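Residues per chain, in single letters:
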Amino acid sequence: MELQSKLAILADAAKYDASCASSGAVKVNSLDGKGVGSTGGMGICHSYAPDGRCISLLKVLLTNLCIYDCHYCINRRSSNVRRAAFTAEEVVKLTLDFYKRNYIEGLFLSSGIIRNADHTMEMVIDVARTLREAYDFRGYIHLKTIPEASPGLIEIAARYADRISINLELPTQKSLDVLAPEKSIVRTRHAMGRIRNRLDEAHDRRKNGDKKLRHATGQSTQVIVGADESTDADFLARSDDLYGNFKLRRVYYSAFSPIPEPSSILPVKPPPLVREHRLYQADWLMRFYGFKTSEILTPETPNLDLELDPKLAWALRNRQDFPVDVQTASREALLRVPGLGGTSVQRILQIRRHTRIRQADLLRLRISLAKIQPFLKTADHNPSAYLLDSDRLRARFLPKPKQLELFAK
Ligand code: SF4
């Protein structure tokens with residue numbers, strides 16, 4: 001098979017992995033000859049380097065052959081798709097060619113599992129090793145690793161990569177047993193734990209002066225949302241576990257999208273994309289705003305409110321904690337006010353040292369008064385208890401109903 005045909009198959013097969021792509025964009029392309037560009041999410045994806053730079057990566061699978069049978073995956077062994085496999089040299093050549101033409105700044109390499117986990121991992125490592133050692137490639141490399149592979153191989157992969165990841169895919173073993181019977185949460189957690197130890201060791205060596213050490217600096221994972229009955233509470237509890245125990249850089253939430261050749265046990269329709277968005281917002285609250293999962297979701301409400309962002313939904317459930325006084329509240333309490341972000345809280349803490357904050361000051365900080373007014377007391381505004389207690393407060397924040405168009409296309 002020609003290299004170009006392999007690239008078409010293996011770049012397309014890789015597009016379902018969200019671990020490096022921005023998600024949520026409407027998928028459009030210019031294949032009909034109209035316009036320029038595409039958001040199809042195939043071939044080249046974007047990621048963030050440790051210094052925050054957005055970088056473009058060639059995103060491919062080494063092969064879409066796989067001995068596993070994960071129901072949600074187009075590459076599972078029972079799927080009737082066209083198969084292809086690159087050699088390590090071919091991936092190296094493509095990466096270098098694209099890099100020299102300035103199309104990409106790095107490589108995101110994943111693979112179906114062929115023969116066994118170790119054999120596949122060795123092939124993935126072979127690509128990274130050749131790029132680094134034979135060509136002194138200094139671009140970004142993200143390698144997807146396989147939890148069943150030997151710890152020594154995952155360790156070697158981490159030496160050549162900037163980022164490594166292991167996809168957890170589903171938050172509980174119960175879900176995996178149904179949809180990905182060969183996968184195990186325990187094995188994945190063990191592998192993540194070992195990677196964490198190696199990342200910490202590398203970090204210490206760098207801190208102690210080994211500036212030239214090349215080693216991955218972080219790990220991430222992906223979960224698929226809406227492929228089974230797992231609740232948002234299941235996802236957030238698992239993310240909390242992974243951030244807390246293994247210091248993952250990111251958990252990517254990827255809304256399940258129906259695949260060609262679907263398994264009969266999968267839902268026919270994808271979940272609303274806003275569910276994925278709400279999970280990212282809740283994840284952000286846990287990582288940067290000090291929220292516990294048990295505050296965001298409860299056993300009675302195990303799924304996020306799709307109409308309101310999770311911080312606003314939390315504030316509406318906990319009205320007894322408001323209003324918060326902008327002049328005296330702690331940083332933590334201010335961070336919990338809907339409409340206040342980390343940067344605006346920081347600015348408030350600075351200016352309140354020498355001024356009594358009024359609503360006009362907040363406007364100057366580009367803070368939307370509409371959202372914060374019921375929750376925040378300023379020198380010239382004291383939210384009425386009536387407003388906070390009102391049944392209509394929730395309605396005030398709901399998205400405006402859209403008029404249906406009679407002749408909509
Ligand atoms: S192991 Fe990976 S490639 Fe293979 S079927 Fe499962 S998700 Fe797909």
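Residues numbered from 1 in each chain as written. Predicted model: local features only at pLDDT ≥ 70, side-chain atom pairs only at ≥ 80, totals over all residues. Heavy atoms only, no water.

K.L.:
In this structure, what is going on with the environment of Ser150? I would like to understand it.
P.N.:
Tracing the backbone through its elements, the reader meets Ser150 in the loop between strand 4 (140-144) and helix 4 (151-160). Look at Ser150 and you get partly exposed, because its relative accessible area is 27%. In the structure, Ser150 is positioned 33 residues away from Ala117 in sequence and 8.1 Å away in space, judged by C-alpha atoms. In terms of polar contacts, Ser150 uses its side chain to reach the side chain of Asp118, at 2.6 Å. (Helix = DSSP H or I, 4+ residues; strand = E, 2+ residues; numbered from the N terminus. Buried < 20%, exposed > 50% of the residue type's maximum accessible area, 1.4 Å probe, protein only. Polar contact = N/O pair within 3.5 Å; in protein donor to acceptor, adjacent residues only side chain to side chain.)

K.L.:
Looking at this structure, how should I read the packing of aromatic side chains?
P.N.:
Aromatic ring pairs are reported here in terms of the distance separating the ring centres and the angle at which the planes meet. One pass over the full model with this rule turns up 8 aromatic pairs. Ring plane angle 75° and centroid distance 5.1 Å describe the contact between Tyr99 and Phe137, whose orientation is recorded as edge-to-face. Of this pair, Tyr99 sits in helix 2 (residues 88-100) while Phe137 sits in the loop between helix 3 (117-134) and strand 4, and the two are 38 residues apart along the sequence. Tyr99 sits in the partly exposed class, given a relative accessible area of 34%. Judged by centre distance (5.9 Å) and plane angle (80°), the ring pair of Trp314 and Phe322 falls under edge-to-face. Through successive ring pairs, a cluster of aromatic residues spans Phe291, Trp314, Phe322, Phe375 and Phe397. Geometry around Phe108 places Lys59 over its ring, the cationic atom sitting 5.6 Å from the centre. For the cation-ring pair, Arg336 lies above Trp314, with the distance from its terminal atom to the ring centre recorded as 5.0 Å. (Phe/Tyr/Trp six-rings, centres within 6.5 Å; stacked < 30°, edge-to-face > 60°. Lys NZ or Arg CZ within 6 Å of the ring centre and 35° of its normal.)

K.L.:
Explain helix 6 (residues 185-207) to me, please; I cannot follow it from the model alone.
P.N.:
An α-helix turns once per 3.6 residues; consequently, residues spaced three or four apart project the same way. Along its 23 residues, helix 6 runs 32 Å from first to last C-alpha, staying within 8% of the 33 Å computed at 1.5 Å per residue. If you check which residues of helix 6 are buried, you get Ile185, Thr188, Ala191, Met192, Gly193, Ile195, Arg196, Leu199 and Ala202. N-cap assignment for helix 6: the residue whose side-chain oxygen lies 3.2 Å from the backbone N of Val186 is Ser184. Looking one or two residues past helix 6, Gly209 carries a phi angle of roughly 110°, positive in sign. (Expected span 1.5 Å × (residues − 1).)

K.L.:
Would you mind going over the pairing of strand 2 (residues 54-61) with me for this structure?
P.N.:
The two faces of a sheet get side chains in turn, since along a regular strand they alternate between them. With 7 of 8 residues buried, strand 2 is to be regarded as a mostly interior element. Relative to strand 3 (residues 106-110), strand 2 runs parallel, the two sharing 5 bridges. Across the sheet, residue Leu57 finds its bridge partner in strand 3, namely Gly106. (Pairing = 2+ DSSP bridges.)

K.L.:
Would you explain the environment of Leu10 in this entry?
P.N.:
In this fold, Leu10 is placed in helix 1 (residues 3-14). Put simply, Leu10 and Arg82 are 72 residues apart on the chain and 9.7 Å apart in space, counted from C-alpha to C-alpha. Ignoring any residue separated from it by four or fewer positions in sequence, one finds Leu10 in contact with Val60, Leu61, Leu62, Thr63, Asn64, Ala84, Ala85 and Phe86. (Contact = heavy atoms within 4.5 Å.)

K.L.:
What am I meant to see in the pattern of salt bridges here?
P.N.:
Two side chains that carry opposite charge are able to pair once their charged atoms sit near each other. On inspection of all chains with the given rule, the structure shows 22 salt bridges. In this structure, Glu182 and Arg77 form a salt bridge, with 2.9 Å as the shortest nitrogen-oxygen distance. Taken together, the residues span a long stretch of sequence, with Glu182 in the loop between helix 5 (173-179) and helix 6 and Arg77 in the loop between strand 2 and helix 2 at a distance of 105 residues. For Arg77, a relative accessible area of 47% corresponds to the partly exposed category. (Salt bridge = Lys/Arg side-chain N within 4 Å of Asp/Glu carboxyl O.)

K.L.:
Got a minute to help me understand the packing of helix 6 against helix 7 (residues 232-246) in this structure?
P.N.:
Packed helices, taken two at a time, are described by the angle between their axes plus the distance between the axes. As a packed pair, helix 6 and helix 7 sit with axes 10 Å apart at the nearest point and diverge in direction by 30°. Taken together, the axes of helix 6 and helix 7 are roughly parallel relative to one another. Crossing angle aside, the handedness with which helix 6 passes helix 7 is right-handed. Counted together, Ile185, Arg189, Met192, Gly193 and Arg196 of helix 6 and Arg238, Asp241, Leu242, Asn245 and Phe246 of helix 7 form the full contact between these two elements. Looking at the contact of helix 6 with helix 7 residue by residue, the class counts come to 4 nonpolar, 2 polar and 4 charged. (Axes fitted to C-alpha atoms, helices over the stretch in contact; angles between N-to-C directions. Parallel < 35°, antiparallel > 145°, perpendicular 65-115°, else oblique. Left-handed = near helix turned anticlockwise from the far one by under 90°. Nonpolar A, V, L, I, M, F, W, Y, C, P; charged D, E, K, R; others polar.)

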